[in-house]
Amino acid sequence: MNQKQYKKILVIKQGSLGDIIFALPAMYSIRFYFEHSKITLLTETRFANFLKKSQYFDHFLIDNRKGLWKTTIVILKVLSNKYDLIIDLQNSKRSNFYNFFFKSLSKAKINGSRSNSHYRYVIPEQGVESPGLGLFKQLSMLNIPEIKTDYNWLHVDMDFNSIKNTILFIPGVSKSGLQKQWNPDLFAQLAKYFEDKGFLICVVGTKMDYSSVEPILQICKNVVNKIDQSPPEVVYTIAKYSHLIISNDTGPGHIAALSNTNILWLGLDNPISKSNLSQGKNSFSILATNMNQITVSEIIKYINQNNLLDK
């Protein structure tokens, strides 16, 4: 494929924060491969400012996936921009619905894993391959290779004198992911154990995660509390300078994992969790069919046996 034949490219990616993080390597490889093209990202407002810092995209189109009228406006905007290539990294029923119109009413070629794609990768059953691997197999239909991703754009200046010898705890989950949450009271017991060993405990999350973090704040004496003060850049930067990350299977955890600091995932023992949590040589996991089966002593033993605090 001639890299210069597609001068205007649209990339589609929405979903959860974790979905966005899984797609970052694919986004970077698209930017690297089509270095002379103008690339637009169709995404949601909540991700736009964050992704602008990456410089992977020249323009952004906002689609907050609300209502028929706003959906129609998005479709018309895309058609009016006359893209040469559309890369659907979302691969949802909604984006496939969009692609029906793009395929019918424009000359754009579409790459994706749904029925309205010209260059289609047929994905296997969910959980067979990691999300990142699936996206790169999709991009291989366009001869786009995987390029090692640099996440330095996520780094922000912080006072690291105040967070030395830190273990980063991420005890919160989204409302839809409560079944993936380890008991916050057990998180607090684990945090207290490491505080007594001389480590500083740091917590991150949104204000909706406060109830999950509150037990740690009550039992530990000197917590670096970044609840409602932890956009992706802060999570990444703290993780980069931490000795260890301990997290549920949640979006902020996947941001922290980009730091290449050892991360211990606490998750459900099923194919989807296994595929989501297997990415990266610094990823370790304790999985159970029910999150209540995971004990504090089991985690401490696993951390010590695998030397996860060595840095």
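Within each chain, residues carry numbers counting from 1 in the order of the written sequence. Whole-chain, interface and lining totals are the exception, using all residues; otherwise, since this is a predicted model, local features are given only for residues with pLDDT of at least 70 and side-chain atom pairs are given and counted only at 80 or more. The basis for every side-chain value is the complete set of non-hydrogen atoms in the structure, without hydrogens or water.

Section: the sheet that holds strand β4 (residues 85-88)
Inference 1: Spatial ordering of the open sheet is given by β3-β2-β1-β4-β5-β6, a layout of six strands whose pairing is parallel. Across the chains shown, the open sheet's two edge strands, defined by having one partner strand only, are β3 (59-62) and β6 (119-120).
Inference 2: Only strands joined by at least two bridges in the DSSP assignment are considered to pair. By the criteria applied, helices consist of DSSP H or I runs no shorter than four residues and strands consist of E runs no shorter than two, each listed in order from the N terminus. Two elements, strand β1 (residues 8-12) and strand β2 (residues 38-43), share five bridges in a ladder whose sense is parallel. Across the sheet, lysine 8 pairs through a bridge with lysine 38, a residue of β2.
Inference 3: In this description, contact between two residues means that some pair of their heavy atoms is separated by no more than 4.5 Å. Here, axes are lines fitted to C-alpha atoms. For helices the fit covers the stretch in contact, and angles between N-to-C directions go from 0 to 180 degrees. Contacts from helix α1 (residues 17-33) reach β1, β2 and β4 within the one sheet, and its direction differs from that of β2 by about 165°.
Inference 4: Packing against the sheet, helix α4 (residues 93-105) makes contact with β1, β2, β4 and β5 (109-112), and its axis sits at approximately 165° to β4.

Re the pattern of salt bridges
Inference 1: Note on definitions: salt bridges are taken to be side-chain nitrogens of Lys or Arg within 4 Å of carboxyl oxygens of Asp or Glu. Tallying each qualifying case throughout the model produces nine salt bridges.
Inference 2: Taking the shortest distance from any N to any O, the salt bridge between glutamate 44 and arginine 65 comes out at 3.0 Å. Residue glutamate 44 is found in the loop between β2 and α2 (45-52), and its partner arginine 65 is found in the loop between β3 and α3 (68-81); the two are separated by 21 residues along the sequence.
Inference 3: Throughout this description, buried means an accessible area under 20% of the type-specific maximum (1.4 Å probe, protein chains only), exposed means over 50%, and partly exposed covers the range between. The class for glutamate 44 is buried, based on a relative accessible area of 7%.

A word on the pairing of β2
Inference 1: Burial analysis of β2 places five of its six residues in the buried class, the great majority of the element.
Inference 2: For the crossover from β1 across α1 to β2, the handedness is right-handed.
Inference 3: Taken together, the four bridges between β2 and β3 define a ladder with parallel strand orientation. When the bridges of β3 are listed, leucine 41 appears paired with phenylalanine 60.
Inference 4: As a crossover connection, the stretch from β2 through α2 into β3 is right-handed. With the strands pointing away from the viewer, any crossover whose connection runs clockwise from the first strand over the helix to the second is right-handed.

Notes on the pairing of strand β7 (residues 166-170)
Inference 1: The buried fraction of β7 is high, at five of five residues.
Inference 2: The alternating pattern of β7 places Thr166, Leu168 and Ile170 and Ile167 and Phe169 on opposite faces, both of which are buried.
Inference 3: The pairing of β7 with strand β8 (residues 200-205) spans four bridges and is classified as parallel. Within β8, the position partnered with isoleucine 167 by the bridge is isoleucine 201.
Inference 4: With helix α6 (residues 184-196) bridging β7 and its parallel neighbour β8, the resulting β-α-β unit is right-handed.
Inference 5: By the bridge criterion, four bridges tie β7 to strand β10 (residues 244-248) in an arrangement that is parallel. Bridge pairing in β10 links phenylalanine 169 to isoleucine 246.

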